[in-house]
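# Structural features, examined
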Amino acid sequence: MKKLLILLLVSASLNARAQDIPFIRKETLQQWLNADTDTVYVLNFWATWCAPCVEELPAFEKIHKEYASKKVKVVLISTDFKRNVESKLKPFVKRKNLQSQVVFMDEPNPNNWVNMVSPDWSGALPATLIVHKRKDIALFFEKQLNYETLEEIIQRLTVDGGR
Amino acid sequence: MAFAAMSFKPAPGNGYKVGDTARDFSLVNVKGKQVSLAGIKNAKGYIVVFTCNHCPYAKAYEQRLIDLHKKYAPLGYPVVAINPNDKDVQPQDSYENMKKLAKKKKYPFHYLYDETQEIAKAYGATRTPHVYLLDKDRVVRYIGAIDDNSEDPAMVKEKYLANAVEALMSGQEVATKETKAIGCGIKWKKG
């Protein structure tokens, strides 16, 4: 009985630590893209049902972990259907124990914001934008990425003064 | 310091822009017959849609494509659906599964298999669904999304594709020639 109680307490505290998933609008995205900052933003557009997206998630998680002490912010922007946020997205994030910030893109019409990310983005998933505003650098990828590619870019962008 | 914006995409070619003349093709439909645009009788244009079986966005538009075809095919603008996905990357999009889906959904339009991915590459399709509206001379008049809300047909405000077809039918300029939608990246062959 005592054991069960401890288990319940442990799982309750784990639940409490499972991350919230904020809903963002295109204005928030715009703020991230325009913010005058020396933080490297790694914005990954994905969905729980997108197989290549799910495959590349560990690479982004590893960047988040390895560069925790640097000015690097990984944001996993979900484009799942809104009706699936509770039933699919939240359980997925919990099950995979994702540590990077996950947000939900609460915009029904992609035509209003896809070009904001990059005029070169056709809207296909997965897609990733890496931005370093102070260095005036924006790298856009409409394809699946691996850790080595990400690491090489982030490494360069986080070196002081270099580019 | 100079601004550096670079984009990296898989290289399926540049594809068509609005105003380009699209190539015709001969692709197998779910009944085993070769279908070309030229072979479609009484067509005044073509609603070419790259789509597939597995993608939730494609699924969300199945009924809307059926409705579009039922409305516009009798007026000379049939839907011609093409699945360009590699079956080894996404087994749900195999030819056998296309047959099953077409039967289950009673697709009234041609559902074609672009096994070599040659047509998707020529058109510049990158995702499913991805629409190319062609006039009778196969000039591209609209590229993009079917409408502005993939998740919920009841919440659609802008019927981009239907509006473009209506404009074409009445001999007017298509007002919104290009739109973007989130879709599943086409599953290109590996290697």
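Residues numbered from 1 in each chain as written. Chains lettered and ligands numbered in written order. Predicted model: local features only at pLDDT ≥ 70, side-chain atom pairs only at ≥ 80, totals over all residues.

### A look at the sheet that holds strand E3 (residues 34-35) of chain B
In sheet architecture, strand pairing relies on hydrogen bonds along the backbone and comes in two forms, parallel and antiparallel. All names here are of chain B. Convention followed: Strands pair, by our definition, only if DSSP identifies at least two bridges between them. Only DSSP runs of H or I reaching four residues or more are called helices, and only runs of E reaching two or more are called strands; each is numbered from the N terminus.
Ordered by their spatial adjacency, seven strands build an open sheet running E3-E2-E6-E5-E4-E8-E9, and the pairing between neighbours is mixed. The sheet is open, and its two borders are formed by E3 and strand E9 (140-144), each paired with just one other strand. Relative to E9, strand E8 (residues 130-135) is paired through four bridges, and the arrangement is antiparallel. The residue of E9 that forms the bridge with Tyr-132 is Ile-143.

### A closer look at the interface of chain A and chain B
Put simply, the rule reads: C-beta atoms are placed from the backbone for every residue, and two residues are taken to be in contact when these atoms lie within 7 Å. In this classification, Asp, Glu, Lys and Arg are treated as charged, Ala, Val, Leu, Ile, Met, Phe, Trp, Tyr, Cys and Pro as nonpolar, and every other residue, Gly included, as polar.
Counting from both sides, the interface comprises 29 residues of chain A and, opposite them, 24 residues of chain B. The biggest single contributor to the side of chain A that touches chain B is strand E7 (residues 137-141) of chain A, with five residues. Residues of the side of chain A that touches chain B, tallied by class, amount to 15 nonpolar, seven polar and seven charged. Here strand E5 (residues 124-125) of chain A pairs with strand E10 (residues 183-185) of chain B via two bridges, running parallel. Note that in E10 of chain B the partner of Ala-124 of chain A across the bridge is Gly-183 of chain B.

### Quick look at the packing of helix H3 (residues 51-66) of chain A against helix H6 (residues 147-158) of chain A
Residue and element names in this part refer to chain A. Note the following rule: Note on definitions: angles span 0 to 180 degrees between N-to-C directions of axes, and those axes are lines fitted to C-alpha atoms, for helices only across the stretch in contact. Each crossing gets its hand from how the near helix is turned against the far one by less than a right angle, where anticlockwise is left-handed and clockwise is right-handed.
Where H3 meets H6, the closest approach of the two axes is 9 Å, and the angle between their N-to-C directions is 35°. For the pair H3 and H6, the sense of crossing is right-handed. Contacts between H3 and H6 involve Ala-59, Lys-62 and Ile-63 from the former and Tyr-147, Leu-150, Glu-151 and Ile-154 from the latter. Here the contact of H3 with H6 is built from residues that sort into five nonpolar, no polar and two charged.

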